[in-house]
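Residue-level structure breakdown
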Amino acid sequence: MKKFLKMLTAAMFFALSAQTVQAADYPSEAEVHEKLSQVEGTIFPVGNPNVNYEKYFTGKTFLSMLANDSMAVGNVTFIDGAHTFWHIHHGTCQILVTESGAGYVQIWGQEPIELLPGVVFTVPEGVKHWHGAAPGKMMQHLSITQSNNEVSTDWLEPVDEKFFESLRK
C-alpha cells in the first residue's frame, strides 16, 4: 500500500507540475516534494506557492485546494517552520488533519498542541488561534472549513517569535 501511495503521489506531482505557478523566492515544487518524501510525504498535490496569503504567514507555504464548494478543503504545506499569524474564523470551525511532518496549533490562552501525522484538531468557530510547522520542520495538513458568504477570517498579529522558537525540540 505504501508503495502504491508513493507511486500515486509521483503521478499526481508530474501531472500537476505543468500547471504550477512558481514564485521567484519559493523552493520549487520538486524540492518540496523531495523533502516531503523524506518524511513520508502526502498523497495530495503540494499545489502552488501560497502568495495570496503570504502576508498572514511567517515563512513559505504551498496551497492545493482539493474542494471548494460548500466545504473548503485545502492541503497546506508549511516549509521550514512556517506558520500562520493569530487569526479567527467566523461562521465556521476549522478542522486540521495532520498528514506529515511536525507542527503545532495553539488556541489563545492555552498551551500549544503538537501536530503529528494522524492528529485531527478542531478549532471552534470564533476562537483566536495559530497553526503551522514546528521550528525548523516541515508539516502538511488538510484545512477543512465551511465555504459560504457568511464565512470570514480576521487575520491578527504574528505569533511571538521568541515563544515560537521556544517550541524547538
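The coordinates are above.
What counts, and where the lines are drawn
Residues numbered from 1 in each chain as written. Predicted model: local features only at pLDDT ≥ 70, side-chain atom pairs only at ≥ 80, totals over all residues. Heavy atoms only, no water. Helix = DSSP H or I, 4+ residues; strand = E, 2+ residues; numbered from the N terminus. Buried < 20%, exposed > 50% of the residue type's maximum accessible area, 1.4 Å probe, protein only. Contact = heavy atoms within 4.5 Å. Areas by Shrake-Rupley, 256 points an atom, 1.4 Å probe, with all protein chains shown as cover. Pairing = 2+ DSSP bridges. Phe/Tyr/Trp six-rings, centres within 6.5 Å; stacked < 30°, edge-to-face > 60°. Lys NZ or Arg CZ within 6 Å of the ring centre and 35° of its normal.

For the protein, the count of helices and strands is 3 helices and 13 strands. Out of the 169 residues in the protein, the part that is buried amounts to 43%. Long-range pairs, those at least 24 residues apart, make up 70% of the contacts in the protein between residues at least 6 apart in sequence. Accessible surface for the protein amounts to roughly 8,800 Å². Of this, 58% is attributable to carbon and sulfur atoms.

Moving on: the environment of Thr 122. For Thr 122, the position within the fold is in strand E10 (residues 120–123). When its relative accessible area of 42% is taken as the criterion, Thr 122 is described as partly exposed. Spatially, the C-alpha atoms of Thr 122 and Gln 94 are 5.7 Å apart, while their sequence positions differ by 28 residues. If we ignore the near neighbours within four places in the chain, the residues touching Thr 122 are Cys 93, Gln 94 and Ile 95.

Of all 8 residues in strand E12 (residues 139–146), 7 are buried; the element is thus mostly enclosed. Note: strand E4 (residues 71–78) against E12, 8 bridges, orientation antiparallel. What sits directly across from Ala 72, in E12, is Thr 145. Alignment of strand E7 (residues 94–101) against E12, held across 6 bridges, turns out to be antiparallel. Residue pairing in the sheet places Val 97 in a bridge with Leu 142 of E12.

Another aspect to go through is the packing of aromatic side chains. The geometry of an aromatic ring pair is captured by two quantities: the separation of the ring centres and the angle between the planes. Within this structure, the stated rule accounts for 7 aromatic pairs. Ring centres of Phe 57 and Phe 78 lie 6.1 Å apart, and the angle between their planes is 40°; on these two criteria the pair is classed as tilted. Placement of the pair is Phe 57 in strand E2 (residues 57–58) and Phe 78 in strand E4, with a sequence separation of 21 residues. Put simply, the rings of Tyr 53, Tyr 56, Phe 57, Phe 78 and Trp 155 touch in pairs and so form one group of aromatic residues. The aromatic ring of Tyr 26 is capped on one face by Lys 60, whose charged end is 4.9 Å from the ring centroid.

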